[in-house]
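# Per-entry structural report
Each chain, written out:
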Amino acid sequence: MAFQKAMKGSILVGGGALAAVLGLSHFTHYRRKQVNLAYVEAAEFICEPVNREPPSREAQLLTLQNTSEFDILVIGGGATGSGCALDAVTRGLKTALVERDDFSSGTSSRSTKLIHGGVRYLQKAIMKLDLEQYRMVKEALHERANLLEIAPHLSAPLPIMLPIYKWWQLPYYWVGIKLYDLVAGSNCLKSSYVLSKSRALEHFPMLQKDKLVGAIVYYDGQHNDARMNLAIALTAARYGAATANYMEVVSLLKKKDPETGEEHVRGARCKDVLTGQEFDVRARCVINATGPFTDTVRKMDDENAAPICQPSAGVHIVMPGYYSPESMGLLDPATSDGRVIFFLPWEKMTIAGTTDTPTDVTHHPIPSEEDINFILNEVRNYLSCDVEVRRGDVLAAWSGIRPLVIDPKSADTQSISRNHVVDISDSGLITIAGGKWTTYRSMAEDTINAAVKAHNLKAGPSRTVGLFLQGGKDWSPTLYIRLVQDYGLESEVAQHLATTYGDKAFEVAKMASVTGKRWPIVGVRLVSEFPYIEAEVKYGIKEYACTAVDMISRRTRLAFLNVQAAEEALPRIVELMGRELNWDSHRKEEELETARKFLYYEMGYKSRSEQLTDRSEISLLPSDIDRYKKRFHKFDADQKGFITIVDVQRVLESINVQMDENTLHEILNEVDLNKNGQVELNEFLQLMSAVQKGRVSGSRLAILMKTAEENLDTRVPIPVDRSCGGL
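Numbering of residues begins from 1 in every chain and follows the order in which that chain's sequence is written. Only residues with pLDDT of at least 70 are given local features in this predicted model, and only at 80 or more are side-chain atom pairs given and counted; all residues enter the totals for whole chains, interfaces and linings. The side-chain figures draw on all heavy atoms in the structure; neither hydrogens nor water molecules are used.

Stated formally: UniProt positions are given in the numbering used here, feature names are shortened, and annotations may be inferred rather than shown by experiment.
In the annotation of an unreviewed UniProt entry, the protein is listed under the name Glycerol-3-phosphate dehydrogenase and assigned to Erinaceus europaeus. Its UniProt record gives the protein a comment under Function (unreviewed entry), which states: "Calcium-responsive mitochondrial glycerol-3-phosphate dehydrogenase which seems to be a key component of the pancreatic beta-cell glucose-sensing device." The annotation that UniProt attaches to the protein under Cofactor (unreviewed entry) is "FAD".

## Things to note about the overall build of the protein
The line we're drawing: The numbering of helices and of strands both runs from the N terminus, where a helix is a DSSP run of H or I of at least 4 residues and a strand a run of E of at least 2. Any residue under 20% of the maximum accessible area for its type is buried, any over 50% is exposed, and the rest in between are partly exposed; the area is computed with a 1.4 Å probe on protein chains only. Residue contacts are counted whenever heavy atoms from the two residues lie within 4.5 Å of one another. In this description, accessible areas are obtained by the Shrake-Rupley approach with a 1.4 Å probe, and a residue is regarded as covered only by the protein chains that are shown.
Helix and strand content of the protein: 24 helices and 22 strands. Counting every position in the protein, which comprises 727 residues, the buried fraction comes to 59%. The contacts of the protein with a sequence gap of at least 6 include a subset with a gap of at least 24, amounting to 73%. As displayed, the protein offers around 30100 Å² of accessible surface, 51% of which is attributable to carbon and sulfur atoms.

## Points about the packing of helix α4 (residues 131-150) against helix α10 (residues 440-454)
Under the convention used in this document: Structural elements are reduced to axes, namely lines fitted to C-alpha atoms, with helices fitted over the stretch in contact, and the angle between N-to-C directions of any two is expressed from 0 to 180 degrees. Roughly parallel refers to an angle under 35 degrees, roughly antiparallel to one over 145, roughly perpendicular to one between 65 and 115, and oblique to any angle outside these ranges. When residues are sorted by character, Ala, Val, Leu, Ile, Met, Phe, Trp, Tyr, Cys and Pro go into the nonpolar class, Asp, Glu, Lys and Arg into the charged class, and all the rest, Gly among them, into the polar class.
Look at α4 against α10: their axes get within 8 Å of each other, and the N-to-C directions meet at 105°. With respect to α10, the element α4 is oriented roughly perpendicular. On the side of α4, the interface is formed by E139, E143, N146, L147 and I150, while α10 contributes Y440, R441, S442 and D446. The class makeup of the residues in the contact of α4 with α10 is three nonpolar, two polar and four charged.

## Description of the pattern of salt bridges
A side chain of one charge can pair with a side chain of the opposite charge when the charged atoms of the two come close. Keep this limit in mind: Here a salt bridge means any side-chain nitrogen of Lys or Arg lying within 4 Å of a carboxyl oxygen belonging to Asp or Glu.
Tallied over the full model, the rule gives 37 salt bridges. Of the charged contacts in the structure, one is a salt bridge between R441 and E143, with a shortest N-O distance of 3.0 Å. Of the two residues, R441 is situated in helix α10 and E143 in helix α4; the sequence distance between them amounts to 298 residues. A relative accessible area of 3% means that R441 is categorised as buried. With a shortest N-O distance of 2.9 Å, R587 and E591 are connected by a salt bridge. Residue R587 and its partner E591 are located together in helix α18 (residues 585-602), separated by four residues, close to a single helical turn. The exposure class assigned to R587 is partly exposed, which follows from its relative accessible area of 24%.

## Thoughts on a positive patch on the surface
We count it as follows: Residues with no salt bridge and a relative accessible area higher than 30% make up the patches, which join like charges within 9 Å and nonpolar side chains (Val, Leu, Ile, Met, Phe, Trp, Tyr) within 5 Å. Only four residue types enter the charge count: Lys and Arg as positive, Asp and Glu as negative, with His and the chain ends excluded. By convention, charge coordinates are those of NZ in Lys, CZ in Arg, CG in Asp, or CD in Glu.
On the surface, R120, K124, K128 and R402 cluster together into a positively charged patch. Topologically, R120 is positioned in helix α3 (residues 119-127).

## Things to note about the UniProt feature "domain: EF-hand" (unreviewed entry) in the protein
Mapped onto this structure's residue numbering, the UniProt feature "domain: EF-hand" (unreviewed entry) falls at residues 623-658 and 659-694. As annotated, residues 623-658 has a helix share of 64% and a strand share of 6%, and its two end C-alpha atoms lie 32 Å apart. Note that residues 659-694 is 61% helix and 6% strand, and that its end C-alpha atoms are spaced 28 Å apart.

## What to know about the confidence of the model for the protein
The predicted coordinates of low-pLDDT regions are not to be read in fine detail. In plain terms, the rule: Confidence scores labelled pLDDT are given residue by residue by the predictor and lie between 0 and 100.
Residues at a pLDDT of 70 or more form 89% of the protein, whose mean pLDDT is 87. Here residues 1-45 is modelled with pLDDT under 50, and outside its nearest four sequence neighbours on either side it reaches 118 contacts, counting other chains as well. Counting contacts from residues 723-727, a segment whose pLDDT is below 50, to residues more than four positions away or on other chains yields 19 contacts.

As structure tokens, this is what we get:
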């Protein structure tokens, strides 16, 4: 079908009118007629999901192969791509979505976890009288309210404190924050307010109090980004979209118009990354929603296409929960280099970030030690001197690539757009790029509007405002109590399941294994200090998890919370997945190796482990060296110059403490720098020096030896769980 020439070009979106929500009672409800295929037939109206549960990945692949032509094919399974699929399918369009990795495997899972309008953007809009920035903030605040409504289990309002250290800043920032409330209008979550110095310290006791004048508290939203992305994709699948992860687009399919002789994009050649199988997926319209990889797909369409993506790396770190109050965030509005740093409670930990540095596009971004230390230094500026901010307390770190874009049709080709850009190529490929997590829904709406108009598709207006995402419809704040009462789950586990799966938490609870204890009755944890349970691995496979990395990073968030805990849980996760997916021993080893590499490079384990190496300096006072030598020799009774598992077992037995050999091996291996099966005196001194300098924290060997020394006579049991404390 010929394209409308008027649509060729690009649309720079600045917060236009949003579609009204249509009455859903008139929509037709369809059910699947074939259990082995996902339902994808276009319907005039859709009111309810056509699938009670998302079809299996195998069923989705069959649908992609056997459907003669889709209306819409979306490339990219991040927040924007998944949003496009949901917007299209709920308009009655026959929709497909393919993602070369896992849903939310890229930038969408590596955000600051905020749903916000952007206080700093409003400041710029006012200072520079920038109407585009103002519209962007207003649109984002509308979308913030909608996202909190449609996924209440995954999101919640969060108060954020802006500490004030100069009197003149108090009225300046107060006016700005009040304008933020004003622009939000009826979508304002809660009204901002001013705190005196004493009240600010009550709410945030670890705050730097010298020269503190007071503080301003305002509200934004916070969410579990990867789970939110997954909820969007799963909702699209339930409404009938054929969605498949690990499906890579190898090339675009084109068809020549017999009337004009022009070639138009009409689908894509896709490859199943897991099996290597290739097949064509044909569609009247193809949407490029690939984030940082936008230009890669654009060049598939036209090898001469000018790059529009300006990738920027944003690094975040996760620290123990005691660094921040449980329900109060912190905003540093002006860091040493002019950036903004957030310091927020998240999943009972503390997240800090972000940086903003130019980078190359890669599938595996790595957080740099320089960026990690930059964030730590900024955090030190705002925390009390009583709180020692230690490098060793960084439990995880990651880098996300923000796809800033240049409008390809703009006269100023060097000007980076602050908003999202919808571009339509001469061959009809539609590209959506830029924007932010919060506005994914309006970005998707604008994209599908452009697709409908450019390709003459029969569809009504967007219906995604107020459309509940999977798990949100029947969720309530007290749902977890029913999980405790009906299934015998721990309260912490029940709350976690409720805020992760919403009304689907009952399905996870039904899969939970019996613990064999008096309490909890069911719910075997994957790792002791986190509420993730083994049943989530089984349920995660129903949510299209295909690899161990999917499970530790996006179905659960272990990798983002504590890389050591994630590594500890890996063998059991691989065992459970292998049982469900029929993996052989070779595949299990591959999964373990790949997941460990992911943790080592992409989640900050490498930077963490490099804080203690065989090249680490020993910077201790002579008195400290003598003290640590005496401690070491309590274990090295034979004066060999090293200690082994046998030495540690001997000391533990003398104080009536039992510990299995595998645990002891893990504890010593953390400090055995040359990996010869023993810990030399020099290695122990390197460890204690790193602990003193704050580069290492939570060393189980250091804590065990210190506690044993103190309790050899009293016979007090020794705690050896991972700790975030130092010595």
